[in-house]
Amino acid sequence: MGQVIYLDGEFVPVEQARVSVYDHGFLYGDGVFEGIRMYSGRVFKLEEHVRRLYHSARVVDLQIPLPPEEMSRVVLETCRRNELDDGYIRLVVSRGAGDLGLDPRKCPKPTVVVIVDRIALFPESLLEKGLTAVTAATRRTAVDALDARVKSLNYLNSIMAKIEANLAGAEEILMLNREGYVCEGTGDNVFIVRGGAVLTPPAYLGILEGITRATVLDLAREMGIEAREAVFTRYDVYTADECFLTGTAAEVVPVTTVDGRPVGDGRPGPVTRRLREAYFEYARSHGTRFRD
Ligand code: PXG
């Protein structure tokens, strides 16, 4: 059985899953998306991802042509029709085909796509050993330009930063806002550990409100670890005891150097390790089943 894609109400083989070159998702990055994990035949935090997709769509005034409950059913059905039990789901809703002008009123029908595939991870050794990060010259998009809470198809801001990371030979890069406050990575949220407390930047600075981030905050509190949002600068990262990133793809991954400075003793710290294990345990035992 080959890979099956959901495209505008139909399940089609991947070779037949084609979208118009006039689609404003392609022409302008006009659309929204989600990335979701499946673990052992279960979709992790499906409801939360679908809710965030509809919030993103609402902010960009994009009318998704099916209700959220139906979208969740479509995601589960796409999983069922593919062979993978572990992997990654990409949910995309674009403005749809229009003309060569950017006016969204010219796009009568949004394009809806669900892709189920494997996920490309950082090598396991790096996840254990920790990543090297630098900070980006490219600032995170200002909340009054496009709020980073919108998971839009336009990722050039993150991609510009990722290019900086590549040029610097770093695995990930921390983006700051205009005031120099730390926001997030290119596809992950950032945490520091200071005096036993777990801190992560608040959404109003300009971050995607990560679902992994929320899960980690909850897990930390359940474990009796102080966990809260805090505004911080590079100073706080350089002087932190530990630093780690969270994301659907990255899960919980230690960062051991930032801008060439070791964080703490330069090795993954005990709080990161505990949260990483707690997250694995939680993610692999929760979620919506899609096979009997
Ligand atoms: N910040 C940004 C900017 C993101 O794109 C996260 C944080 C983490 O959010 P979740 O809800 O996943 O905990 C993301 C995640 C990738 C990749 O290849 C990651 C994301 C999107 C596309 C690709 O790592 N988003």
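Residues numbered from 1 in each chain as written. Predicted model: local features only at pLDDT ≥ 70, side-chain atom pairs only at ≥ 80, totals over all residues. Heavy atoms only, no water.

**Quick look at the site of the ligand**
For the ligand, the set of nearby residues contains 18 residues, the closest of which are K151, Y155, E184, T212 and T248. Within the contact set of the ligand, an oxygen atom lies 2.8 Å away from a side-chain nitrogen or oxygen of R52. With the chains in place, 83% of the 550 Å² that the ligand exposes on its own is no longer accessible. For the shell around the ligand, the per-class residue count stands at five nonpolar, seven polar and six charged. (Near = heavy atom within 4 Å. Polar contact = N/O pair within 3.5 Å; in protein donor to acceptor, adjacent residues only side chain to side chain. Areas by Shrake-Rupley, 256 points an atom, 1.4 Å probe, with all protein chains shown as cover. Nonpolar A, V, L, I, M, F, W, Y, C, P; charged D, E, K, R; others polar.)

**Remarks on the sheet that holds strand 4 (residues 42–43)**
Sheet architecture is open: seven strands sit in the order 2-1-6-5-3-4-16, paired in antiparallel fashion. Unpaired on one side and paired on the other, strand 2 (10–13) and strand 16 (288–289) mark the two borders of the sheet. The sheet contact formed by strand 5 (residues 87–94) and strand 6 (residues 111–117) spans seven bridges and is antiparallel. Within the sheet, the bridge partner assigned to S94 lies in strand 6 and is T111. (Pairing = 2+ DSSP bridges. Helix = DSSP H or I, 4+ residues; strand = E, 2+ residues; numbered from the N terminus.)

**Digging into helix 2 (residues 46–59)**
Here helix 2 spans 20 Å end to end across 14 residues, near enough to the 20 Å set by a 1.5 Å rise per residue. Within helix 2 the residues assigned to the buried category are L46, H49, V50, R52, L53, Y54, S56 and A57. At its buried positions, helix 2 is contacted by strand 3 (31–39), strand 4, helix 3 (68–80), strand 5, helix 6 (211–222) and strand 16. (Expected span 1.5 Å × (residues − 1). Buried < 20%, exposed > 50% of the residue type's maximum accessible area, 1.4 Å probe, protein only. Contact = heavy atoms within 4.5 Å.)

**Overview of the packing of helix 6 against helix 8 (residues 270–283)**
Interaxial distance between helix 6 and helix 8 falls to 10 Å at its minimum, and their mutual angle equals 110 degrees. Of the possible angle classes, the one that applies to helix 6 and helix 8 is roughly perpendicular. Together, T212, T215, V216, L219 and A220 of helix 6 and L275, A278, Y279 and Y282 of helix 8 make up the contact between the two elements. When grouped by side-chain class, the residues that make up the contact of helix 6 with helix 8 number seven nonpolar, two polar and no charged. (Axes fitted to C-alpha atoms, helices over the stretch in contact; angles between N-to-C directions. Parallel < 35°, antiparallel > 145°, perpendicular 65-115°, else oblique.)

**So, the pairing of strand 7 (residues 131–135)**
Moving residue by residue along a regular strand, the side chains alternate between the two faces of the sheet. Within strand 7, four of the five residues are buried, leaving the element largely enclosed by the surrounding structure. Sheet topology places strand 7 next to strand 8 (residues 172–176); three bridges connect them, and they run parallel. By the bridge assignment, V134 is partnered in strand 8 with I173.

**Observations concerning unusual backbone geometry**
Even without a glycine there, the phi angle at S40 is positive, about 45 degrees. When you line up the elements, S40 lands in the loop between strand 3 and strand 4. What makes S40 partly exposed here is its relative accessible area of 47%.

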